[in-house]
Amino acid sequence: MTYLSRAIELSGAVTGHRRWLHSHPELPFEEKETTAYIVNELQDAGIEVISFADYYGAIGVIHGGLPGKTVMLRADIDALPLEEHSGEDFAATNGRMHACGHDAHAAMLLGAGRMLAERKNELHGTVKLLFQSAEEGFTGARYYADKGYLDGVDALFGLHVWGTMQAPFINIQDGPRMASCDNFTITVRGQGAHGSTPHLAKDPIVAASAIVMNLQTFASRNYDPLHPLVITVGTVRSGSQFNIIPETAVMEGTVRTLSRELRPGIEPGMRRIIENTAEALGCTAEFVVERIDSPIDNHHVRLNDIARRAAITLFGEDILAPMPETMGADDFSYLLERVPGLYAFMGCLNEDKGIVFPNHSDKFRIEEDILYRGAALYAQFAHDFLAGGGGA
């Protein structure tokens, strides 16, 4: 029996996993019920489970019957603080929502785990199934890497459903796939005064406004438009009344780039613009950056080739499709800093069924027919990598 034929048999179970998880969404670092469900299903499949007293998520471990390497398959499990308006019969009602497809990722990996466990005697090595907490919390992946749970892992594979790509196509593409994410806070300090006497003030709102505009010029006039840089100021907080010039203005925002080479120079360039703009207007500015996610770049071409061959083995030559890189970020990048790997995407859009909304929409839905396909791809990649890159 092939992984595809077995995945088709398990399709109802995988869909059931997805619907249960979808109906019980939990926020980053709070995935108690989700973790318990996953652990129960792994144990039911006869899979060894590593769980954590101080953290959510779990790792399933499948020891193959033959010696070999170790491959890790990753699925994230957390949801977003979003009221669901998808119209699904199994929609969440607790003010949280699996609006990015993490329920699908976990369900597909549960299906893959069961298939791999059934064929463990054929496996040349070990498969680890990482059900990761708090991807939407930006830093959830760090726990598993920093605690040593990636030690000894030779390859890493992640899969993400994508709401703007047609189902059931799969994207496994060399090069940059997702952007870095660095968040920042700018605090501008000036001198307050009455609104009728602005000449007696050093207005932090004026300085903050100039900083916002100058940062856009910094991006557009210092960086090649073929290598995108996004600088977005998302919040501005200042003042308490219409006729009072305040003392401070605070802004928060995010910086994104696809380039590992460009990233180190962005922060000092922004700092120069921010501090000098504030000084020119009689104010001071404090610039604090939180470096979160690196870019995701599929530069391990051999691993990409194994994944592409796995997809073609399962679904034929026409299953692969291009997809533009995205300026969204994912903390899978933190795992990729420790272990060679790749990130693939699976389309979940189906216009004929009205499934057209992008990830993070409160109306986000997926074409559930892709679920057994994702389970098969996870399993086939793991099998083929451990077998040395061949098919099964």
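For every chain, the first residue of the written sequence is number 1, and numbering continues from 1 onward in sequence order. It should be noted that, the model being predicted, local features are given only for residues of pLDDT at least 70 and side-chain atom pairs only at 80 or more, the latter also being counted only at that level, while totals for whole chains, interfaces and linings use all residues. Side-chain measures here rest on the full set of heavy atoms in the structure, leaving out hydrogens and waters.

(A) Unusual backbone geometry, seen in detail. In this structure, Pro168 follows Ala167 across a cis peptide bond, with omega equal to 0°. Tracing the sequence through the fold places Pro168 in the loop between β5 (155-166) and β6 (170-171). In the Ramachandran plot, Phe29 falls in the positive-phi region, its phi being about 70° despite a non-glycine side chain. For helices the rule is a DSSP run of H or I covering at least 4 residues; for strands it is a run of E covering at least 2, with both sets numbered from the N terminus onward. As for its position among the elements, Phe29 is in the loop between α2 (11-23) and α3 (32-44). Phi angles above zero are rare outside glycine, and Phe138 is one such case at about 75°. Take Phe138: it is sitting in the loop between β4 (124-132) and α5 (142-146).

(B) Spotlight on the packing of aromatic side chains. The rule is short: rings of Phe, Tyr and Trp, with Trp giving its six-membered ring, pair when the centres are within 6.5 Å, and they are stacked under 30 degrees, edge-to-face over 60, tilted in between. Scanning the model with the defined rule gives 16 aromatic pairs in all. Aromatic side chains Tyr143 and Tyr144 sit 5.6 Å apart centroid to centroid with 80° between the ring planes, which places their arrangement in the edge-to-face category. Look at Tyr144 and you get buried, because its relative accessible area is 0%. Look at Phe157 and Tyr378: their rings are 5.8 Å apart centre to centre, the planes differ by 90°, and that puts the pair in the edge-to-face class. One end of the pair, Phe157, is in strand β5; the other, Tyr378, is in helix α10 (residues 371-386), with 221 residues separating them in the sequence. For the pair Phe157 and Tyr378, a shared accessibility class is recorded, and that class is buried. For every residue, the accessible area (1.4 Å probe, protein chains only) is compared with the maximum for its type, and the residue is labelled buried under 20%, exposed over 50%, or partly exposed between those bounds.

(C) Focus on the nonpolar core. Counting residues in each nonpolar core, the largest one holds 66 residues, and the members touching the most others are Leu73, Val127 and Phe157. It is α10 that contributes the most residues to this core, eleven residues altogether. Only heavy atoms enter the contact rule, under which two residues are in contact if any of them lie within 4.5 Å. Residues in contact with Leu73, not counting those within four places in the same chain, are Leu109, Leu116, Val127, Lys128, Leu129, Leu130, Phe157, Tyr378, Phe381 and Ala382. Judged by nonpolar contacts, the second largest core, of 25 residues, contains Tyr55, Val61, Val153 and Phe345. What is meant by a nonpolar core is a set of buried Ala, Val, Leu, Ile, Met, Phe, Trp, Tyr and Cys residues, joined one to another through side-chain atoms within 4.5 Å.

(D) Just the packing of α2 against helix α4 (residues 102-118), in detail. One way to put it is that α2 packs onto α4 with a least axis distance of 8 Å and a crossing angle of 145°. Considering only the axes of α2 and α4, their crossing is right-handed. Packed against α2, whose contacting residues are Val14, His17, Arg18, Leu21 and His22, the element α4 presents Asp103, Ala104, Ala106, Ala107, Met108, Leu110 and Gly111 at the interface. Class assignment for the residues of the contact of α2 with α4 results in seven nonpolar, three polar and two charged. Interaxial angles span 0 to 180 degrees and are taken between N-to-C directions of axes, which are lines fitted to C-alpha atoms, for helices over the stretch in contact. Handedness of a crossing is defined here by the sense of rotation of the near helix relative to the far one, left-handed for an anticlockwise turn of less than a right angle and right-handed for a clockwise turn. Residue type decides the class: Asp, Glu, Lys and Arg count as charged, Ala, Val, Leu, Ile, Met, Phe, Trp, Tyr, Cys and Pro as nonpolar, and the leftover types, Gly among them, as polar.

(E) Up close: the side chain of Thr34. Structurally, the position occupied by Thr34 is in helix α3. Assessed through its relative accessible area of 1%, Thr34 is described here as buried. Two N or O atoms count as a polar contact when they lie within 3.5 Å, although within protein this holds only if one can serve as hydrogen donor and the other as acceptor, and sequence-adjacent residues are included solely when both atoms are side-chain atoms. Within the local environment of Thr34, its side chain forms a polar contact with the side chain of Glu26, the two groups lying 2.7 Å apart. Discounting chain neighbours no more than four positions away, the residues touching Thr34 are Leu21, His24, Glu26 and Ile77.

(F) Structural view of the pattern of salt bridges. Salt bridges are defined by distance alone: a side-chain nitrogen of Lys or Arg within 4 Å of a carboxyl oxygen of Asp or Glu. Evaluated as defined, the whole model comprises 22 salt bridges. Note that Arg271 is salt-bridged to Glu267, the shortest N-O span being 3.2 Å. One end of the pair is Arg271 and the other is Glu267, both in helix α7 (residues 263-280) and four residues apart, which spans about a single turn. Among the residues examined, Glu267 registers a relative accessible area of 23% and is labelled partly exposed. Of the charged contacts in the structure, one is a salt bridge between Arg308 and Asp305, with a shortest N-O distance of 2.7 Å. Separated by three residues within a single helix, Arg308 and Asp305 lie in helix α8 (residues 301-315), roughly one turn from each other. The exposure class of Arg308 is buried, given its relative accessible area of 16%. Each of Arg18, Arg19, Asp103 and Glu368 takes part in salt bridges that share partners, so that together they form one network.

(G) Representation of the packing of α8 against α10 in the model. Close contact between α8 and α10 brings their axes to 9 Å; oriented N to C, the two are set at 130°. The angle between α8 and α10 falls in the class oblique. The element α8 and its partner α10 pack so that their crossing is right-handed. Contacts between α8 and α10 involve Arg302, Leu303, Ile306, Ala307, Ala310, Ala311, Thr313, Leu314 and Phe315 from the first element and Arg373, Ala376, Leu377, Gln380, Phe381, Asp384 and Phe385 from the second. By definition in this entry, angles of less than 35 degrees are roughly parallel, angles greater than 145 are roughly antiparallel, angles of 65 to 115 are roughly perpendicular, and the rest are oblique.

(H) Just the sheet that holds strand β15 (residues 341-349), in detail. By definition, two strands form a pair when at least two bridges between them are found by DSSP. The mixed open sheet is built from seven strands, whose spatial order is β1-β2-β4-β3-β5-β15-β6. With one partner strand each, in any of the chains shown, β1 (48-52) and β6 form the two edges of the open sheet. With four bridges joining them, β1 and strand β2 (residues 55-63) adopt antiparallel strand pairing. When the bridges of β2 are listed, Val49 appears paired with Gly60. α3 contacts β1, β2 and β4 of the sheet and is inclined by roughly 15° relative to β2. Contacts between α10 and the sheet are confined to β3 (66-76), β4, β5, β6 and β15, with β3 contributing the most and set at about 150° to the helix.

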